[in-house]
Amino acid sequence: MSAIEIIFMPMVLALVLSFFLRSKAYINKYISLFLFIYMLGFSVSLFKKLPDEGYLQLGSFLDVSRFDFVLTLQVDLLSTIMLTLTAVLLILVTLSSWSMPKQGMYFNLLIAFSGSIFGVFMSTNFLWFFIFWELTLVPMYFLIGIWGAQKRVYAAVKFFLYTHLASMLILLAFFLIYKESGVFDMSLVKESMLMSPVLIWWLLFLGFAVKMPIFPFHTWLPDAHVQAPAPISVLLAGVLLKMGAYAMIRMVIVMLPETSQQYAWVVLILGLISMFYAGFMAIYETHLKKMVAYSSISHMGLVVIALSTMSYSGLSAALYEMIGHAFIIAPLFLIAGFLHQKTGSWYMKDMGGIMQKAPYISAIFILAGLGALGLPSTMGFIGELSILISSIQNFGLWMALVALSSMLGAGYMIWTFRRVIYGEMSASVKKSNFIMHPIEFLALVIFAFFIIVFGLFPNLLFEYINPAFSQFELL
Amino acid sequence: MRSLHTVLFNGYYIEFFIHYFTKNIIFNSLSRTINWMDIHIIDAAVNATVNISFSLNKLLRKTDRGLMSDNSGAMLIGVVILLFIILIEGIA
């Protein structure tokens, strides 16, 4: 299957499945699992084909000569890593959704989402990038709006409007770039070609800051996470947020290095505020999923701090943390969703003593929680340590205060363990049975496996992450 | 001697200090204030945009009642403005 088919085939397939096979909707999960495994194979195969530097051309399509509207598909090591991460998460999300109600439409939307997200990571034409960027919103809107909790419509609309508004800034920046440079291909645009790089930088930065999200543009995320079904929260945290960080690296830091250097202090301050602000919010939260959502924002704050260094080591650390965060936060969301399903409550006070009823699930929750607070031998530790080192190298010793994020993490996570996992068994826990579908449990085990393996052997990832940035010219 | 005994007996008050710091400084002061700010300032500002949109919508609906006289009046004002612009440009 060619690159263009890998993008558009899932969208067509989703449409076809919506009209046909409606009576056999349960088949859709097998189709989506097969498709995502195929997409993973496709992504992994790209690693072998990639040149040492620059892009691997995957073809140009829809060439309309009057406009620069060519769908140029090309990948480099950075986008290939993102594609692989996305495919792995899509497989695990499918496994985690095995017993989801109204399966037909749910998996169709997931399939449509996979095509658009692959389009984001593969297209280098600004307009096509933007089209795929916006297309990811549509399945997400329905996934939150239909399968979400009580206030799902409010959360879905807020998510859609908020991110769509930010997209308008991005679109404006793209048109400005085209007006000033005459090209729509991000791999060809250089900062020296632009007359108003500062304005473009701000438009792009604000647009992507909403997606990541960075303080004070974060308010859509806790609502979306709380209302979304647990596997969709995994996609939100693992893929959608990373899409913002990927675009920030590709179009803000790499494309506009001089302006990025000039405003690195803004990025740094916002990153620090995000990290502490969301950390303190997580401490105060009694709503389990909201606590995990704020912990997620706090970790993205760390990623922003690493990006603000504008250095090779900082970018590598940011990418490692992005991958680590995706694997660590996923089991926390999935288990929070499972506990809500069983106890009927989101609040920690109703969840005490889970360990006695579900020891294996509790163990995975503790492992992921320890990863989130940065315990050695987990992915969280390597991510936070490499961000700490690169920020001290670039900004000085005062950046040691980044280490406080681990202390905040310890604060909210260990307290959560005490309230949810240990402690006296609550009435709602007593009367529930905590039996998880074996396939959904398998997804949790795979996440736990990644947290430990990449925590113990980080070079398995750094081997690919470090060269991903060496081709870029940073200041 | 007695005060030294009390200090040692209480483990240099380290536990007391940690408890005081986490409960009163981190939880009750910082976290609570930030939580209040998040709900009442940041999220409220986002929700305020919705209220502003609704208010504007109400206001604009008053000007668009679907009456022929309103529409022709608006058209007439538009024509006058256009003529004025053309006149100014002509003079310039």
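Per chain, residue numbering runs from 1 following the sequence as it is written. Labels are handed out in written order, letters beginning with A for the chains and numbers beginning with 1 for the ligands. Note on the predicted model: pLDDT of at least 70 is required for a residue's local features to be given, and 80 or more for side-chain atom pairs to be given and counted; whole-chain, interface and lining totals, by contrast, use all residues. To get the side-chain values, all heavy atoms of the structure are used, and hydrogens and water are removed first.

*Asks:* Residue-level account of the packing of aromatic side chains, with values.
*Replies:* Residues and elements named next belong to chain A. What counts as a ring pair is set by centres within 6.5 Å for rings of Phe, Tyr and Trp (its six-membered ring), and what kind of pair is set by the plane angle: stacked under 30 degrees, edge-to-face over 60, tilted for all other angles. All told, the structure shown has 37 aromatic pairs over all chains when counted by the stated rule. When the ring of Phe 450 is compared with that of Phe 454, the centres are 5.6 Å apart and the planes differ by 5°; the resulting orientation is stacked. One end of the pair, Phe 450, and the other, Phe 454, are both in helix 20 (residues 438-456), four residues apart, so they sit about a helical turn from each other. Judged by relative accessible area, which is 17%, Phe 450 ranks as buried. Every member of this aromatic cluster is reached through a ring pair, and the members are Phe 126, Phe 129, Trp 133, Phe 174 and Phe 208. We call a charge positioned over a ring when the NZ of a Lys or the CZ of an Arg lies within 6 Å of the ring centre and within 35 degrees of the ring normal. The ring of Trp 133 has Lys 211 sitting right over it, with the charged end atom 5.0 Å from the ring centre. A cation sits over an aromatic face here: Arg 419 above Trp 415, 3.8 Å from the ring centre. The way it works is that DSSP assigns letters per residue, a run of H or I at least four long becomes a helix, a run of E at least two long becomes a strand, and they are numbered from the N terminus. Exposed residues in this analysis have more than 50% of their type's maximum accessible area, buried residues have under 20%, and partly exposed residues fall in between, with area computed by a 1.4 Å probe over protein chains only.

*Asks:* Break down the interface of chain A and chain B for me, with residues and values.
*Replies:* At the interface, 16 residues of chain A touch 13 residues of chain B. Here the quantity called buried area is the total loss of accessible area, with a 1.4 Å probe, experienced by two parts when brought into contact, counted for both. Taken together, both faces of the contact between chain A and chain B bury some 1300 Å²; the carbon and sulfur share is 69%. Interface area lost by chain A to chain B is led by A:Tyr277, A:Phe280 and A:Tyr284, which between them contribute 48%. The term salt bridge refers to a pairing of a side-chain nitrogen on Lys or Arg with a carboxyl oxygen on Asp or Glu at a separation within 4 Å. Our count for the chain A to chain B interface comes out at one salt bridge. For the purposes of these results, a polar contact is taken to be a pair of N or O atoms within 3.5 Å, where, inside protein, one atom must be able to donate a hydrogen and its partner to accept one; residues adjacent in sequence count only when each atom of the pair is a side-chain atom. Taken together, the connections running from chain A to chain B amount to seven residue pairs in polar contact (both at pLDDT 80 or more). Breaking the side of chain A that touches chain B down by element, the ones donating at least two residues are helix 7 (152-181) and helix 12 (264-284) of chain A. Among the elements that make up the side of chain A that touches chain B, the one with the highest residue count is helix 12 of chain A (five residues). Any two residues whose heavy atoms approach within 4.5 Å at even a single point are treated as in contact.

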